[in-house]
Every structure is written in structure tokens, then in C-alpha cells.
Amino acid sequence: MSGGRVLVIDDDLSLRQFLKNMLRRAGYEIETAAGGEEGLAILAASSVDVVVTDLTMEGMDGMAVLKSVRQRWPATEVVMITAHATAENAVEAMKQGAHDYVVKPFNVDQLKVILQKALEKKAMREENLTLREALKDRFGYGSMVGRSEAMQRVYDLMDRVKDTPVTVLITGESGTGKELVARAMHYEGARQSKPFRSINCGAIPENLIESELFGYKKGAFTGAVRDSLGLFASAQGGTVFLDEVGEMPLSTQVKVLRAIQERKVKPIGGFEEVPVDVRIVAATNRDLQAEVRAGRFREDLYYRLKVITVELPPLRARLSDLRPLTDHFLTMYAEQFAKPGVVLDDSTLVELAAWSWPGNVRELENVIQRGVALCRGTVILPDCLPPEIQAAADVGGGFPTEVGGDGLDLERTLERYERQLLESALASAGGIKTEAARLLGISFRSLRYRLQKIGLEDEGPRPN
Ligand SMILES: Nc1ncnc2c1ncn2[C@@H]1O[C@H](COP(=O)(O)OP(=O)(O)OP(=O)(O)O)[C@@H](O)[C@H]1O
Ligand SMILES: [Mg+2]
């Protein structure tokens with residue numbers, strides 16, 4: 001059983017060896033580094049609970065290490081070793097956020113007590129964070145906005161799995177927020193203090209993807225001038241996010257399957273397998289089941305990935321999120337473009353609600369960003385929307401629900417409305433008129449009459 005992961009940074013080789021042996025025997029997992037830079041590289045590549053660092057070192061000294069750790073890995077504790085016990089540098093280290101310090105020559109038992117306390121402090125801090133999370137409301141999740149029923153179900157599922165190590169598959173159309181869900185589960189979950197590492201399987205050339213995932217040994221191939229950890233090993237204790245997993249080459253899929261099953265990876269050119277403790281989250285906008293049927297995705301991997309599936313509904317299926325999302329992006333871009341107080345005209349919102357959002361939340365974000373950039377004054381009018389949304393509103397959506405002082409043409413408005421509903425029913429019915437009539441709750445004769453009236457049908461043969 002490991003008592004925690006400790007990184008010892010000291011330029012004195014014999015001291016490093018001594019601490020390594022002593023602390024390993026005491027149940028800690030130990031990494032060592034001969035200097036500050038090397039230490040930070042280890043921190044960047046793997047997660048560490050406590051750093052024990054010498055204060056005076058050539059190059060990057062202990063104080064600089066402490067500052068970096070506080071900034072980049074706030075969950076990691078730092079213990080300082082100082083040779084000349086001047087009160088100032090010990091106090092300065094504590095002020096900068098060190099957990100404690102020991103003075104050389106020190107006794108190992110004293111260091112063990114300090115390490116134990118540091119680990120307890122870290123655990124307590126993590127527990128507090130979790131408690132605070134439990135009190136959070138459901139207007140959103142992490143950085144996610146939206147309170148529709150569909151999203152509440154998503155949040156609920158995320159809540160139940162975020163602290164477990166189970167593999168999660170996130171599905172949904174492009175721009176529905178799959179990556180955001182993966183990040184939220186990591187940063188709201190038990191692994192938040194460990195690394196989140198992601199790879200876009202569709203964006204990396206086939207011949208590089210395996211060295212990215214599993215790492216390589218120095219000399220494994222031309223250009224491998226030093227060892228590389230790879231995604232799995234560098235996410236140790238944290239999350240590996242396989243984005244666009246449907247694009248992963250079949251040859252790589254076999255190896256990823258093995259890594260998931262055995263919880264071990266073998267770097268290219270290496271002989272030893274490295275154990276990895278990572279939670280796998282994968283995302284795709286493809287229908288993976290169809291990919292399996294088409295022979296492009298391994299069935300066994302598919303089942304390994306979809307232990308839990310989070311399905312993100314398209315934006316058009318949760319239009320009640322439109323308003324909160326719009327407000328969220330308005331605030332964001334108003335600040336970015338220094339246009340405080342920008343609002344949406346009601347008629348603009350009506351047009352947004354009538355649009356089908358094929359690009360989902362990402363599309364909405366772009367539309368709002370564009371609107372904020374283009375609008376004159378502080379009100380975004382419909383003419384600041386992209387032409388396709390305006391055109392769609394002219395044909396179909398954007399029907400007035402109130403008659404203002406300018407009045408409206410009732411006949412024409414109703415006709416437009418009727419035309420849209422008829423067209424939409426025909427589309428849903430795949431062009432079969434009897435079915436369209438059934439969808440609209442009218443007789444076939446009535447449908448024909450209406451289609452003729454608006455010029456959508458001439459006298460034709462009746463279907464049976
Ligand atoms: N619920 C949400 N609240 C706030 N912002 C969101 C939400 N969902 C998506 N976004 C924003 O929309 C954009 C797209 O989200 P994201 O990249 O997670 O989508 P995706 O499903 O991974 O898309 P793709 O399939 O194209 O990769 C991002 O800028 C993200 O911040
Ligand atoms: Mg994505």
C-alpha cells in the first residue's frame with residue numbers, strides 16, 4: 001500500500017539515495033530529481049502529493065520550485081530542506097506556501113511526521129472541495145450552463161460516475177459540449193488534482209498516434225532522442241480523454257483495448273510494461289454501433305468504452321437552454337469585446353428559437369460572438385444574425401405572438417405559419433401525404449385542399 005507519492009529534489013546524490021531508501025521502506029512511492037528543472041518535468045508528467053526540495057541548489061533553487069508548484073499544482077504540498085538554518089529563509093518559504101521545513105542534518109523520523117501531516121492536509125482539502133460540490137445547484141455543472149430537464153439528467157449521471165474509475169463514453173452531435181462534459185467530470189471528480197490528458201484521435205497522423213498514447217524509449221526510432229512517457233503514463237492517477245475516438249485507426253484500437261483491460265502500457269521500443277491508473281473517457285459524434293457494423297470499429301473496444309454512456313441531446317431538443325446559454329455567451333463576449341451592457345432584442349431571441357442549430361452550442365456561441373461584434377449600440381437586432389438564420393426566420397420561424405402598434409397582416413402571417421407546418425409535416429412523413437395528414441390530425445382531403453391553396457400541390461393522383 002502506498003503512503004503517497006513523494007518527489008525528492010536535491011543536488012546531493014547520497015542524500016537522494018538515502019531518502020529514497022528510507023521513505024520507500026516507510027511505504028511511500030518515491031521519485032528523485034537532481035535539480036529544480038528536472039523536478040518540474042517530473043511534476044508535469046505525473047502527479048505528486050508532496051515535494052521535498054533542497055533550498056540551495058545550482059540553477060533553479062528551492063524557492064523557485066516552491067513558487068512554481070504553488071502556481072501550477074496547488075494541490076501538491078512542499079517541504080523545504082535547508083542547510084543553514086537562518087530564520088529568514090524558513091519563514092520566507094512558509095510565507096510562500098511551503099507546508100513545513102527541515103534543517104540539515106535532520107532525522108528521518110522527523111521528516112516522516114512532516115510528510116504524514118502534509119498528506120493529511122492534502123486529503124482534507126480534497127474532502128472539503130467535494131463537500132462544497134455537493135451543495136452546488138443545478139443551473140449548470142462546472143463550467144456548463146443549462147437547466148433543461150435533459151441536461152439535469154446529464155448532470156445527475158455525471159455526478160454518479162465522476163468519483164468512480166469507470167470508463168465513460170460521451171456521444172452527441174458536433175458542438176453539444178462533449179469535451180466540456182469530459183473536463184467537468186474530471187475537475188469536479190475525485191481525480192481533479194491529477195492530470196487530465198486528452199488526444200484528438202482524428203487530428204493525429206496514424207503513424208504518430210501510438211507513440212503519443214504509449215510513449216517511447218530513447219532510440220526506438222529516428223528522432224526519439226529521449227524517453228517519452230506518452231499520454232497514458234503521464235495521466236497517472238488522472239483522466240485520459242480519447243476525443244473523436246471513432247477516428248482511431250483499427251491497429252491502434254487493439255492496443256488501446258489491451259491498455260484498458262490490463263491497465264498497463266508498453267512504450268514503443270521498450271520491454272517492460274508500465275502499470276497505469278487512469279480513468280478513460282472517450283467521445284464521438286459518430287454512431288459507433290454503425291461503425292462496428294461497418295467493420296471500422298472493434299466491437300470489443302466499443303463495449304469496453306460504453307460501460308457508462310452520457311448522451312448529449314442536440315440544442316434543438318432542449319430549447320429551454322437557449323436563453324441561459326445566450327446570456328452566458330453575451331456576458332462572456334461583452335466583456336471580451338469591451339461592450340458592457342449588450343442585450344438581445346426580443347425579436348432576435350424569437351429568431352434564434354426558430355433556428356434548428358445543426359452546429360449546436362458551438363454554433364450558438366459563434367452567433368452570439370458575431371452579434372456582439374457587429375451590433376451598433378447595445379441592442380443586438382435580428383440584422384446582426386447570420387443570413388441563413390434571418391432567411392429561415394423570414395420563411396418559417398419568428399412568428400409574432402403579439403400585435404404591436406405597427407399592426408400586422410393576419411392572413412399573410414397565418415398563411416406563412418400554415419405553409420411551414422405543412423412542409424414540416426411532409427418532411428417528417430417522408431413525403432407520404434396520408435402520413436402527413438395523420439401527423440396534422442386532418443383528413444387527406446383537407447391536406448390536399450390546403451396544399452393546393454398555397455400552391456404546394458397541383459391536382460394529382462390520389463395515393464391509396
Ligand atoms: N452547456 C454548455 N455551457 C456552456 N458552454 C457550452 C456548453 N456546451 C458547449 N459549450 C461550448 O460550446 C463549444 C463546443 O463545446 P465542445 O467542444 O465541448 O463540443 P463537442 O461536443 O466536443 O464538439 P465536437 O464534436 O465538434 O468536438 C465550446 O466552446 C464549449 O465551451
Ligand atoms: Mg469535441
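Keep in mind it's a predicted model, so treat the numbers as computed, not measured.

J.: Honestly, the overall build of the chain in this entry has me stumped. Any pointers?
T.: When its secondary structure is counted, the chain shows 19 helices and 16 strands. The burial tally for the chain puts 31% of its 464 residues in the buried class. Here the analysis covers contacts within the chain between residues at least 6 apart in sequence; of these, 68% occur between residues at least 24 apart.

J.: Would you explain the sheet that holds strand E3 (residues 50-54) in this entry?
T.: Strand pairs in the sheet, formed through backbone hydrogen bonds, run parallel or antiparallel to each other. Spatial ordering of the open sheet is given by E2-E1-E3-E4-E5, a layout of 5 strands whose pairing is parallel. Lying at the two open borders of the sheet, with one neighbouring strand each, are strand E2 (29-33) and strand E5 (100-103). In this sheet, adjacent strand axes meet at a mean angle of 20° when their direction is disregarded. Pairing analysis gives 4 bridges linking strand E1 (residues 5-9) to E3, with the strands arranged parallel. By the bridge assignment for E3, Ile9 is matched with Thr53. Sitting on the sheet, helix H1 (residues 13-25) is in contact with E1 and E2, with an inclination near 170° to E2. Sitting on the sheet, helix H2 (residues 36-45) is in contact with E1, E2 and E3, with an inclination near 160° to E1.

J.: Sorry if this is basic, but what is going on with the site of ligand 1 here?
T.: In the region of ligand 1, 17 residues are neighbours, and Ser174, Gly177, Lys178, Glu179 and Val361 sit closest. Elements represented by at least two residues in the shell around ligand 1 include exactly strand E7 (144-145), helix H7 (178-188), helix H13 (322-336) and helix H15 (360-374). Here the residues of the shell around ligand 1 sort into 5 nonpolar, 8 polar and 4 charged. Shared between two domains, the shell around ligand 1 takes at least three residues from each, and those domains are domain 2 (145-313) and domain 3 (316-395).

J.: How do you make sense of the packing of H2 against helix H3 (residues 62-72) when you look at a structure like this?
T.: Two numbers describe a pair of packed helices, the interaxial angle and the distance between the axes. Viewed as axis vectors pointing N to C, H2 and H3 meet at an angle of 20°, and their least axial separation amounts to 10 Å. Between H2 and H3, the angle is such that the two are roughly parallel. Considering the relative orientation of H2 and H3, their crossing is right-handed. Counting all contacts with H2, which are made through Gly36, Gly39, Leu40 and Leu43, the residues of H3 involved are Ala64, Val65, Ser68 and Val69. Split into classes, the residues belonging to the contact of H2 with H3 amount to 5 nonpolar, 3 polar and no charged.

J.: What am I meant to see in helix H17 (residues 410-428) here?
T.: In an α-helix, one turn spans 3.6 residues; hence positions three or four apart end up facing the same way. The terminal C-alpha atoms of H17, which comprises 19 residues, lie 27 Å apart, in line with the 27 Å expected from a rise of 1.5 Å per residue. Positive backbone phi, at 60°, marks Gly430, one or two positions downstream of H17.

J.: Please clarify how the sheet that holds strand E8 (residues 168-171) should be interpreted in this entry.
T.: Overall, parallel pairing links the 5 strands, which are arranged E9-E10-E13-E8-E14 in an open sheet. Edge positions in the sheet fall to strand E9 (196-200) and strand E14 (308-311), since each has one partner strand and no second. Between one strand axis and the next, the sheet turns by 20° as a mean value, whatever way the strands run. When E9 meets strand E10 (residues 239-243), the two strands line up parallel, connected through 5 bridges.

J.: In this structure, what is going on with the confidence of the model for the chain? I would like to understand it.
T.: Note that predicted coordinates carrying low pLDDT should not be read in detail. With 92% of its residues at a pLDDT of 70 or more, the chain shows a mean pLDDT of 87. Residue range residues 459-464 is modelled with pLDDT below 50. Its contacts to residues more than four positions away, or to other chains, number 2 contacts.

J.: I tried to follow the nonpolar core on my own but got confused; where do I start?
T.: Note that soluble globular proteins tend to have their nonpolar side chains buried in a common cluster. Membership of the largest hydrophobic core comes to 44 residues, with the highest contact counts inside it found for Ile170 and Phe232. In this structure, Ile170 is in contact with Lys178, Val181, Ala182, Val281, Ala283, Val310 and Leu312, ignoring residues within four places of it in sequence. Core analysis: the second largest hydrophobic core is formed by 28 residues, Leu23, Val50, Leu66 and Tyr101 among them.

J.: I keep staring at the domain arrangement of the chain and nothing clicks. Help me out?
T.: You'll often see interface size given as the accessible area lost when the parts meet. Domain parsing of the chain yields domain 1 (5-131), domain 2 (145-313), domain 3 (316-395) and domain 4 (410-453). Between the C-alpha centres of domain 1 and domain 4 the distance comes to 73 Å.

J.: Hey, could you run me through unusual backbone geometry in this one?
T.: Both trends apply: most residues other than glycine have a negative phi, and most peptide bonds are in trans. Following Lys104, the chain continues to Pro105 via a peptide bond in cis, the omega torsion being -10°. By the secondary structure assignment, Pro105 is in the loop between E5 and helix H5 (108-134). A positive phi angle, near 50°, is found at Trp357, a position not held by glycine. Its location among the elements puts Trp357 in the loop between helix H14 (346-354) and H15. By the C-beta count within 10 Å, which is 22 here, Trp357 ends up buried.

J.: Which parts of the structure should I look at to understand the packing of H13 against H15?
T.: Relative to each other, H13 and H15 sit at 45°, their axes nearing to 9 Å. The pairing of H13 with H15 is recorded here as oblique in orientation. Crossing geometry of H13 relative to H15 is assigned as right-handed. Only Val361, Leu364, Glu365, Ile368, Gln369 and Val372 of H15 make contact with H13, whose side of the interface consists of Leu325, Thr326, Phe329, Leu330, Tyr333 and Ala334. Looking at the contact of H13 with H15, its residues break down into 9 nonpolar, 2 polar and 1 charged.

J.: Hey, could you run me through helix H10 (residues 250-262) in this one?
T.: Its 13 residues give H10 an end-to-end C-alpha distance of 19 Å, which sits within 8% of 18 Å, the value for a rise of 1.5 Å per residue. By the burial criterion, the buried members of H10 are Val256, Ala259 and Ile260. Buried residues of H10 fall within an arc of 95° about the axis and therefore sit on the same side. Turned more than 90 degrees from where H10 packs its buried face, Leu250, Ser251, Gln261 and Glu262 sit exposed.

Conventions and cut-offs
- Residues numbered from 1 in each chain as written.
- Chains lettered and ligands numbered in written order.
- Predicted model: local features only at pLDDT ≥ 70, side-chain atom pairs only at ≥ 80, totals over all residues.
- Helix = DSSP H or I, 4+ residues; strand = E, 2+ residues; numbered from the N terminus.
- Buried ≥ 20, exposed ≤ 12 C-beta atoms within 10 Å, placed from the backbone.
- Contact = placed C-beta atoms within 7 Å.
- Pairing = 2+ DSSP bridges.
- Axes fitted to C-alpha atoms, helices over the stretch in contact; angles between N-to-C directions.
- Near = placed C-beta within 6 Å.
- Nonpolar A, V, L, I, M, F, W, Y, C, P; charged D, E, K, R; others polar.
- Domains from an automatic or database assignment.
- Parallel < 35°, antiparallel > 145°, perpendicular 65-115°, else oblique.
- Left-handed = near helix turned anticlockwise from the far one by under 90°.
- Expected span 1.5 Å × (residues − 1).
- pLDDT = per-residue confidence, 0-100.
- Core = buried A, V, L, I, M, F, W, Y, C linked by C-beta atoms within 7 Å.
- Arc of directions from axis to C-beta.

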